Amino acid sequence: MSFTVPRNVPSFTNSGRRGAEDHIWAAAGMNSRGSRGGPAGGGGILHGVQGRMEGLFDGKATLPMYKDKPYTYAASRRMRPLWRRKRVVGFLGGLLLLVVMYFNGAFQVDKRGGKQSVWSIKGFTDSLPDGRVDWNGRRQQVVAAFERSWDAYERHAWGKDQFFPISKGGKQMTPKGMGWIIIDSLDTMMLMNLTSQLSHAREWLDKSLTWDQDQDVNTFETTIRMLGGLLSAHYLSTEFPDLAPVPPDAPGEDLYLEKAKDLADRLIAAFESPSGIPYASVNIGTREGLPSHSDGGASSTAEAATLQLEFKYLAKLTGEKDYWDKVEKVMQVIDDNGVQDGLVPIYLYPADGKFRGRNVRLGSRGDSYYEYLIKQYLQTNGAEPIYKELWTEALAGVRKHLVTYTETSGFTIIGERPDGLEAPLSPKMDHLVCFLPGSIALAATGGLTLAEARKLPTWTARDEADMRLAEELTHTCWATYKYMATGLAAEITHFNVPSPSPPEGAEHPTPPSVLKADDHEAEWRKDFVVKRGDSHNIQRPETVESLFHMWRITKDVKYRQWGWEMFNSFLQYTAVEGSGYTSLSNANTVPPELRDNMESFWLAETLKYFYLLFSPDDVLPLDKIVLNTEAHPFPRFDMGSLFSTGWQRKPRDSTGKLVVQKEAAVPETPKDTKNEGRM
Ligand code: DMJ
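Residues numbered from 1 in each chain as written. Predicted model: local features only at pLDDT ≥ 70, side-chain atom pairs only at ≥ 80, totals over all residues. Heavy atoms only, no water.

An unreviewed UniProt entry lists the chain under the name alpha-1,2-Mannosidase, with Cephalotrichum gorgonifer given as the organism. If you open the UniProt record of the chain and go to Pathway (unreviewed entry), you find "Protein modification; protein glycosylation." (UniProt positions renumbered as here; feature names shortened; annotations may be inferred.)

A separate point is the pattern of salt bridges. Evaluation of the coordinates by the stated rule reveals 33 salt bridges. Ionic pairing is found between Asp 617 and Arg 552, a salt bridge with its closest N-O pair at 3.6 Å. With Asp 617 in the loop between α19 (600-613) and β16 (625-627) and Arg 552 in helix α17 (residues 542-554), this residue pair connects regions lying 65 residues apart in the sequence. Residue Arg 552 is classed as buried on the basis of its relative accessible area of 5%. Each member of the salt-bridge network shares a partner with another, and the members are Asp 335, Glu 389, Glu 393, Arg 649 and Arg 652. (Salt bridge = Lys/Arg side-chain N within 4 Å of Asp/Glu carboxyl O. Helix = DSSP H or I, 4+ residues; strand = E, 2+ residues; numbered from the N terminus. Buried < 20%, exposed > 50% of the residue type's maximum accessible area, 1.4 Å probe, protein only.)

Close to the ligand lie Ile 224, Arg 225, Leu 432, Arg 540, Pro 541, Glu 542, Phe 601, Glu 605, Thr 629 and Glu 630, which account for all nearby residues. Here an oxygen atom of the ligand sits 2.6 Å away from a polar atom, N or O, in the side chain of Glu 542. Between the ligand and Glu 630, the relevant distance is 2.5 Å, taken from an oxygen atom to a side-chain nitrogen or oxygen of the residue. Protein contacts shield 92% of the accessible area of the ligand, which totals 290 Å² for the unbound molecule. Listed by contribution, the elements that provide at least two residues to the shell around the ligand are α7 (219-239) and α19. When grouped by side-chain class, the residues that make up the shell around the ligand number 4 nonpolar, 1 polar and 5 charged. (Near = heavy atom within 4 Å. Polar contact = N/O pair within 3.5 Å; in protein donor to acceptor, adjacent residues only side chain to side chain. Areas by Shrake-Rupley, 256 points an atom, 1.4 Å probe, with all protein chains shown as cover. Nonpolar A, V, L, I, M, F, W, Y, C, P; charged D, E, K, R; others polar.)

So, about the side chain of Ser 615. Within the secondary structure layout, Ser 615 lies in the loop between α19 and β16. Reaching out from Ser 615, the side chain makes a polar contact with the side chain of Arg 139 at a distance of 2.8 Å.

The strand order across the open sheet built from 3 strands is β11-β12-β13, with neighbouring strands paired in antiparallel fashion. Two strands bound the open sheet, and with one partner strand each, they are β11 (428-430) and β13 (528-529). Two strands pair when backbone bridges link them, and β11 and strand β12 (residues 492-495) are joined in this way by 3 bridges, in the antiparallel orientation. Bridge pairing links Asp 430 to Ile 492 in β12. This element, helix α16 (residues 461-482), spans β11, β12 and β13 of the sheet and lies at about 105° to β12. (Pairing = 2+ DSSP bridges. Contact = heavy atoms within 4.5 Å. Axes fitted to C-alpha atoms, helices over the stretch in contact; angles between N-to-C directions.)

Rendered as structure tokens:
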């Protein structure tokens, strides 16, 4: 395994760009001081985080914020005195735990009819001696939940792409496996400082992972989870080597980056379509892009336009511009359609780059197109205003066509336009839409706190209004959790809205700020409808993702509190004894109907966002990084001389429709008889 620094790296002469371009060195396993494994030092992009982490991990720290433990497979077979043997200690410890839990009421029947799981956290005191909430302690509970899931996965499905906590088994998605769960979890383990778990994962990557498989994979999912997971692992491990420290790569080698580049060089075949729009799938063995088997061969718009952060960061790391050009071209082809008010239909054809149908929504197949508009702008430190323009246009379109209010209590919702923007609004929201409020807040402040952003000369009334919209939508997303019997939101929630649906800004009631889950007759509940077929919960992250952004930006503690309630609902209703946490087939009954599957984004996103929500602000500061759509953090960077925005928008009218430009009149060429007969 080796990784060579590419020749065409950006210039290092501009000291202002030095911090970002140090990543080129990181590609070769070197830090800015020229040595692998040394501290990133004062020049690191996340200096604040590094400083704090150093304090915590230098061995003198007393805060019990992180715990780490050896994984079971590595147990020594050497005989030890009886009292030191793990099983005996484990048995006695377990017995003690059960006694403590019994006296704390952990086995009492829940008032709503369910039975509390042995994973409940009843014994946890939750407050500091002075009465304040113990947020570090709460964060530690998230680490414990991660460890339970991970330990169960290690025991029952190690190396498998899928994990079934109830049947205690797993399955590969490809002949040799993709490392689906392992790679998606790498950076969470780093942030939680779970060294032994990370070592095991790295060993698997090193010994067992190969992309050389004759296998079709989904272009988008593989990019956001696998490429994104490897790139963020590279980023955190090189920038913060003290997080879950593992033995360094040999000089000139970089396990994460090499695996990432190998994968990217296979995925890039997806872009070899007539239009440049990537095919939905790609064979990573034969390196061939493959159109979708359904939807007339069309790709999802969100899938085609949610690859940019990953390939652009890889381009920056390696200096290979082709990655950049391929993903940037997608944005141009989409924009050349001249959609109305910045809102894109959810399918498009790789054959000609045109949209299929008129269905517009911010749920499945539409969602992260919008997310990556603003994040592309932030990734390159605001040097590409074209993406801010697209975001601003799209958000105005959302307000104009998709925002409305519920009938009795006036919750703000984002509806769908399945038959085009002129046809009626469908008042339903996928859970996926709940990424939006966090992204709106992030766009408004750029990742600064609201208090900081308001002091900027660039702050406008529009930004203020955007923050209000973000707050209202977060409130609605939270309500979709409070509505359900388990406190865990459904996959899809429908709403009762007046007919015709009121436009954005119309007068509407203010929804109650306190929503009591056990008040079944509460007026606000009349606005919500969850159909049986939509009542599943697959451990999705979008609401806690928005809570995290809203907490960091507004500093309103209610977002942390709501997150804590949600986290408790996950612990209480999704735990499988001795086997971590699972999805629910029906989250609207107590006890819930369990579904035998743990999603990789439970570890990559949901638990990571809970962890970040309860963390100090300088753990991944929002104004220094971008999180990809799978919650994998990448650094923001300057483009340097190698990269630039390689396209411009075509002229269009105020609705977004392309203005057909008349061919510039060609002046009559005077007859030049001297040239006659020449080729
Ligand atoms: C994740 O893979 C990503 O967040 C994606 O953008 C949407 N779907 C899941 C989580 O719900």
